[in-house]
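So you can see what is in the structure, the chains are spelled out below.
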Amino acid sequence: MPALPEHAVETATLSKTYASNGRRAPVEALRGVTLRIPRGSFFGLLGPNGAGKSTLINILAGLVLKTSGEARVWGCDVEREMRRARRAIGVVPQELNIDPFFSPRELLEVMAGLYGVPRRERKTDEILRAVGLEDKAEAYARSLSGGMRRRLLVAKALVHAPPVLVLDEPTAGVDVDLRRQLWAYIRKLNAAGTTILLTTHYLEEAEALCDTIAIINHGRLIACEPTEMLLRRLDSKQMAVTVEEDLAAVPESLRRYHGELRGARELVFSYPPSKVRGGEIMAAIAAAGLSVREISTKEAELEDIFLSLTRPGSAEGAQ
Ligand code: ADP
Ligand code: MG
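What counts and what doesn't
- Residues numbered from 1 in each chain as written.
- Chains lettered and ligands numbered in written order.
- Predicted model: local features only at pLDDT ≥ 70, side-chain atom pairs only at ≥ 80, totals over all residues.
- Heavy atoms only, no water.
- Donors = N, O, S within 2.8 Å, 3.2 Å for Na, K, Ca; no water.
- Helix = DSSP H or I, 4+ residues; strand = E, 2+ residues; numbered from the N terminus.
- Near = heavy atom within 4 Å.
- Polar contact = N/O pair within 3.5 Å; in protein donor to acceptor, adjacent residues only side chain to side chain.
- Areas by Shrake-Rupley, 256 points an atom, 1.4 Å probe, with all protein chains shown as cover.
- Nonpolar A, V, L, I, M, F, W, Y, C, P; charged D, E, K, R; others polar.
- Axes fitted to C-alpha atoms, helices over the stretch in contact; angles between N-to-C directions.
- Parallel < 35°, antiparallel > 145°, perpendicular 65-115°, else oblique.
- Contact = heavy atoms within 4.5 Å.
- Domains from an automatic or database assignment.
- Buried < 20%, exposed > 50% of the residue type's maximum accessible area, 1.4 Å probe, protein only.
- Pairing = 2+ DSSP bridges.
- Core = buried A, V, L, I, M, F, W, Y, C linked by side-chain atoms within 4.5 Å.
- Left-handed = near helix turned anticlockwise from the far one by under 90°.

**Quick word on the coordination of the magnesium ion (ligand 2)**
Right, on to step 1. Ligation of the magnesium ion (ligand 2) by protein atoms is provided by Ser-54 (OG) and Gln-94 (OE1), these donors lying 2.1 to 2.2 Å from the ion. In this pair, Ser-54 sits in helix 1 (residues 53-60) while Gln-94 sits in the loop between strand 6 (89-92) and helix 3 (104-114), placing the two residues 40 residues apart along the sequence.

**A closer look at the site of ligand 1**
Right, on to step 1. If you check the shell around ligand 1, you find Tyr-18, Arg-24, Val-27, Ala-29, Pro-48, Asn-49, Gly-50, Ala-51, Gly-52, Lys-53, Ser-54 and Thr-55 and nothing else.
Right, on to step 2. For ligand 1, an oxygen atom lies 2.9 Å from a polar atom in the backbone of Lys-53.
Right, on to step 3. Take Thr-55: an N or O atom from its side chain is 2.5 Å from an oxygen atom of ligand 1.
Right, on to step 4. The fraction of the free accessible surface of ligand 1 (560 Å²) that becomes covered by protein chains is 66%.
Right, on to step 5. Counting only elements with at least two residues in the shell around ligand 1, the list comes to strand 2 (27-38) and helix 1.
Right, on to step 6. For the shell around ligand 1, the element with the highest residue contribution is helix 1, accounting for three residues.
Right, on to step 7. The residue inventory of the shell around ligand 1, partitioned by class, reads five nonpolar, five polar and two charged.

**A word on the packing of helix 5 (residues 146-158) against helix 6 (residues 176-191)**
Right, on to step 1. Closest axis-to-axis distance for the helix 5/helix 6 pair is 11 Å, and the angle between their directions is 10°. Classified by the angle between their axes, helix 5 and helix 6 sit roughly parallel to one another. Taken together, the residues of helix 6 that come into contact with helix 5 (itself represented by Gly-147, Arg-151, Val-154 and Leu-158) are Leu-178, Gln-181, Leu-182, Tyr-185, Ile-186 and Leu-189.
Right, on to step 2. Along the lines of polarity and charge, the residues of the contact of helix 5 with helix 6 split into seven nonpolar, two polar and one charged.

**Describing the domain arrangement of the chain**
Right, on to step 1. Looking at the chain, the domain boundaries give domain 1 (7-226) and domain 2 (235-299).
Right, on to step 2. When each unit is reduced to the centre of its C-alpha atoms, the spacing between domain 1 and domain 2 is 47 Å.

**Things to note about the pairing of strand 7 (residues 164-168)**
Right, on to step 1. Across the five residues that make up strand 7, a large majority, five, are buried.
Right, on to step 2. Residues Val-164, Val-166 and Asp-168 of strand 7 are buried on one face, and the alternating residues Leu-165 and Leu-167, pointing to the opposite face, are buried as well.
Right, on to step 3. Inspection of the sheet shows strand 6 paired to strand 7 by four bridges, in the parallel sense. Bridging from a neighbouring strand, Val-92 pairs with Leu-167 of strand 7.

**Some remarks on the nonpolar core**
Right, on to step 1. By size, the foremost hydrophobic cluster in this structure holds 42 residues, and its most contacted members are Phe-42, Leu-152, Val-154, Leu-165, Leu-167 and Ile-186.
Right, on to step 2. Contacts of Val-154, omitting those with residues within four sequence positions, involve Val-92, Val-131, Leu-167, Leu-182 and Ile-186.

**Brief notes about the sheet that holds strand 2**
Right, on to step 1. Taken in spatial order, the four strands make up an open sheet running 2-1-4-5, and their pairing is antiparallel. Each of the sheet's edge strands pairs with one partner strand only, and the pair in question is strand 2 and strand 5 (76-77).

**Looking at the packing of helix 3 against helix 5**
Right, on to step 1. At their nearest, the axes of helix 3 and helix 5 sit 9 Å apart, and the two run at 25° to each other. Taken together, the axes of helix 3 and helix 5 are roughly parallel relative to one another. The element helix 3 and its partner helix 5 pack so that their crossing is right-handed. Two secondary-structure elements touch here, helix 3 through Pro-104, Leu-107, Leu-108 and Met-111 and helix 5 through Leu-152, Ala-155 and Lys-156.
Right, on to step 2. Tallied by class, the residues present in the contact of helix 3 with helix 5 amount to six nonpolar, no polar and one charged.

And the structure:
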């Protein structure tokens, strides 16, 4: 038994350019993405539509060929050791395509057969129960609702008990109750050791579930850190105030706004806009007897991206 890999998924300067097809120009879907997903984590890959999330996942799943760079799943190169990499990963795809003539039970049995899972090791009933489809085990897939199909796709990704489970925007079209049920189950899998990679364009969903969040935009990784740190960083704003007076130190009354002195006359404050208003700092400056010459503010870089990601209506999530 080989040692368990430190990283369940690892990419190095991974790039993908989809070739032009006559009508459309080539698309650089991934531009040098270097990412490490620790074994056992619940990892969120966040980004707006078209950011490159599905491309990354499809490369990991062996469905799309990379243009350059490297990608490993469970220590196995996705191209040179394709078979082993594929056995280690279960992917719940973004699209709801299911063969309409299979019942859920047949579908899981067929999949298990394809993966070469021996009959006595199959967990068809257990998986169907876990995703709440035991009552529909013999129904035609075409008679299943959108939410049921989504859960069937989760079940299908689990037949070979992969150590890495990837969910590509799994909650589109799933109602709130089922979503909760689905997450409860995914959490349980994670607690039992399965590494989860979830893509979403909902910050709130990633926030609630993931221990680490990476953000991708236009094919580039723009952040990757523990969820708490990222959230703290998002709620941060800087205000630089130039005053008329020469200062030797930050006045005592302004220390609570994390003021720093740059040169003799510039004070730079860092504060969480959700808790402190800029006007409050301005009032404190006046109260300290200083006169303001100039002010400039700067948001955390990611804030705009997150606002655009989480603004209702911008997400195109109601597909
Ligand atoms: P996301 O999943 O984050 O929405 P995708 O990985 O699906 O992003 O897409 C990234 C970019 O690559 C988009 O500009 C998309 O139009 C393009 N793209 C995705 N798949 C293909 C393809 N098969 N052929 C050409 N372009 C593609
Ligand atoms: Mg996608």
